[in-house]
Amino acid sequence: MDVSIIYVNYFTKDLILDSIRSVKKYTENISYEIIIVDNNTEDLSEIQNSFTDVKILKLPKNEGFGVANNKGAEIASGQYILFLNPDTLLLNNAVFLLFNALSEHCNYGVVGGNLFDERMNPMHSYMWVTLSVPYILRTVFLPKKFYSSIKYQFNFSNKHKKVGYSTGADLMIRRHLFEKVNGFSNVIFMYYEDVDLCVRVRNEKFDIVNIPQARIQHLEGRSLKEGSDTEKQRKRLEMNIESQAKFLNNTLGKRKSLMLLQLAIGLFALKSFFYKVANLNNFNYIRDNMNFYLLLKKKYIDYEKSINTRV
């Protein structure tokens, strides 16, 4: 088996059905299997009846995105694993293109394609690792257009591009490498688990690479059904900050994490003071950045204390 395609279901049956149809429509020249890991949500008999070759693994409780993917990887038969979001639609033979890139380049550890939104506009497909000294320095000393523009998140060229991390919406990795780095983090419930995985892959001296020829539509947010848009955004922000705190603990440890956060807070405090005194534009944006790092520091300290309490 060449590739195991893994979905995690959380009340996204209809989205997965559409995604599987796109996989069946476009995927050729390789052998593959489809695995759905259900986080104790809904009856998936419609999928099973429509696609009898699909493997379905039902978990007794909601384990979160990363852990559920790990469970799916445990029963996978493919040499390569493609973690695919339920709200994705293949636009071409993307699975083969990603597989072929990994097969031909032994230094590639993780690959992902170019993502398009619902209206087929280029969207976030990869980026730098944001919780790092280089990125923090960029955000402090460079205008926003030099670090957050779509051109730093989408590959407009026709060439493979080495990146900081590839979004988990369409992430392919060799199964033996996934096992070597112990898969997705078991402590990150949702969000930032893709960054965490890519950092550990990079620590094994492999590259994270965007393959622009692989084209996938990402209907982002469709899988978060409950609540209003404002409520969804609030939940996503809370979970994102908590996941980033856990990422810091996983990759840097306490001393380096606090040093990194204090560096960011100090630099943004100085910049916001200068902007306020000089009455320059973007003061609110800079202050919001400082407040984000203050909140992340508090969340990290709370998380670190909870670990020590459990021990």
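Quick notes on the overall build of the chain
Along its length, the chain carries ten helices and twelve strands. With respect to the principal axes defined by its C-alpha atoms, the chain has extents near 65 × 45 × 40 Å. With 311 residues in all, the chain has 50% of them scored as buried. Of the contacts formed within the chain by residues at least 6 apart in sequence, a portion of 77% connects residues at least 24 apart.

Notes on the packing of aromatic side chains
Scanning all chains against the criterion turns up 15 aromatic pairs. Between phenylalanine 268 and tyrosine 293, the ring centres sit 5.9 Å apart and the planes meet at 20°, which makes this aromatic pair stacked. Residue phenylalanine 268 is found in helix 9 (residues 253-278), and its partner tyrosine 293 is found in helix 10 (residues 283-310); the two are separated by 25 residues along the sequence. For the pair phenylalanine 268 and tyrosine 293, a shared accessibility class is recorded, and that class is buried. Between the aromatic rings of phenylalanine 292 and tyrosine 293, the centroid separation amounts to 5.2 Å while the plane-to-plane angle is 70°, which identifies the pairing as edge-to-face.

Notes on the environment of lysine 13
Assignment of secondary structure puts lysine 13 in helix 1 (residues 13-26). Sequence separation between lysine 13 and aspartate 38 is 25 residues, and the spatial gap between their C-alpha atoms is 9.5 Å. Excluding residues that lie within four positions of it along the chain, lysine 13 makes contacts with Glu42, Asp43, Leu44, Glu46 and Ile47.

Observations regarding the pattern of salt bridges
The tally for this structure, following the rule as stated, stands at twelve salt bridges. With a shortest N-O distance of 3.6 Å, arginine 175 and glutamate 179 are connected by a salt bridge. Highlighted residues: arginine 175 and glutamate 179, both in helix 6 (residues 175-180), separated by four residues, approximately one helical turn. On the basis of relative accessibility, which here comes to 25%, the residue arginine 175 falls in the partly exposed class. For glutamate 179, a relative accessible area of 47% puts it in the partly exposed group. The residue lysine 246 makes a salt bridge to glutamate 242 at a minimum N-O spacing of 3.2 Å. Separated by four residues within a single helix, lysine 246 and glutamate 242 lie in helix 8 (residues 229-251), roughly one turn from each other. Judged by its relative accessible area of 11%, lysine 246 falls in the buried class. By relative accessible area, glutamate 242 is classed as partly exposed at 36%.

Notes on helix 7 (residues 193-203)
Helix 7 sits mainly inside the fold: nine of its eleven residues count as buried. Along helix 7, the positions that sit buried rather than exposed are Glu193, Asp194, Val195, Asp196, Leu197, Cys198, Val199, Arg200 and Val201. Two residues or fewer past helix 7, lysine 205 is found with a positive phi of approximately 70°.

A few points about the pairing of strand 3 (residues 55-58)
Where a strand is regular, its side chains alternate between the two sheet faces. Relative to strand 3, strand 2 (residues 32-38) runs parallel, the two being bridged by four bridges. Counterpart to valine 37 in the pairing with strand 3 is leucine 57. For the crossover from strand 2 across helix 2 (residues 45-50) to strand 3, the handedness is right-handed.

Overview of the side chain of serine 257
One can find serine 257 in helix 9. In contact with serine 257, other than residues within four places in its own chain, are Leu248, Asn249, Leu252 and Tyr300.

What to know about helix 3 (residues 65-74)
Within helix 3, eight of the ten residues are buried, which leaves the element mostly enclosed by the surrounding structure. Regarding helix 3, the residues found buried are Phe65, Gly66, Val67, Ala68, Asn69, Asn70, Gly72 and Ala73. Buried residues belonging to helix 3 abut strand 1 (3-9), strand 2, strand 3, strand 4 (80-84), helix 6 and helix 7.

Brief notes about a nonpolar patch on the surface
On the surface, a cluster of nonpolar side chains totalling about 500 Å² of accessible area is made up of Val133, Leu137, Phe141, Leu142, Phe146 and Leu263. As for its placement among the helices and strands, leucine 263 is situated in helix 9.

Considering unusual backbone geometry
The phi dihedral of asparagine 40 is positive, around 55°, even though this residue is not glycine. The topology assignment puts asparagine 40 in the loop between strand 2 and helix 2. Even without a glycine there, the phi angle at tyrosine 191 is positive, about 80°. Topologically, tyrosine 191 is positioned in the loop between helix 6 and helix 7.

Some remarks on the state of the cysteines
What makes a disulfide is a covalent bond joining the sulfur atoms belonging to two cysteines. For the coordinates displayed, the defined rule picks out zero disulfides. In this model cysteine 106 remains outside any disulfide bridge; the closest cysteine sulfur is found in cysteine 198, 18 Å from its own. You can call cysteine 106 exposed: its relative accessible area is 66%.

Considerations on the packing of helix 5 (residues 133-141) against helix 9
With their axes 10 Å apart at the nearest point, helix 5 and helix 9 run at an angle of 5° to one another. Our classification of the angle between helix 5 and helix 9 gives roughly parallel. Residue-level contacts link Val133, Ile136, Leu137, Thr139, Val140 and Phe141 of helix 5 to Leu260, Leu263, Ala264, Leu267, Phe268 and Lys271 of helix 9. The residue inventory of the contact of helix 5 with helix 9, partitioned by class, reads ten nonpolar, one polar and one charged.

Cut-offs used in this document
Residues numbered from 1 in each chain as written. Predicted model: local features only at pLDDT ≥ 70, side-chain atom pairs only at ≥ 80, totals over all residues. Heavy atoms only, no water. Helix = DSSP H or I, 4+ residues; strand = E, 2+ residues; numbered from the N terminus. Buried < 20%, exposed > 50% of the residue type's maximum accessible area, 1.4 Å probe, protein only. Contact = heavy atoms within 4.5 Å. Phe/Tyr/Trp six-rings, centres within 6.5 Å; stacked < 30°, edge-to-face > 60°. Salt bridge = Lys/Arg side-chain N within 4 Å of Asp/Glu carboxyl O. Pairing = 2+ DSSP bridges. Right-handed = clockwise from strand over helix to strand, strands pointing away. Patch = residues over 30% accessible without salt bridge, like charges linked within 9 Å, V, L, I, M, F, W, Y side chains within 5 Å. Areas by Shrake-Rupley, 256 points an atom, 1.4 Å probe, with all protein chains shown as cover. Disulfide = S-S within 2.5 Å. Axes fitted to C-alpha atoms, helices over the stretch in contact; angles between N-to-C directions. Parallel < 35°, antiparallel > 145°, perpendicular 65-115°, else oblique. Nonpolar A, V, L, I, M, F, W, Y, C, P; charged D, E, K, R; others polar.

Interpretation note: all reported values are geometric properties and have no functional meaning in isolation.
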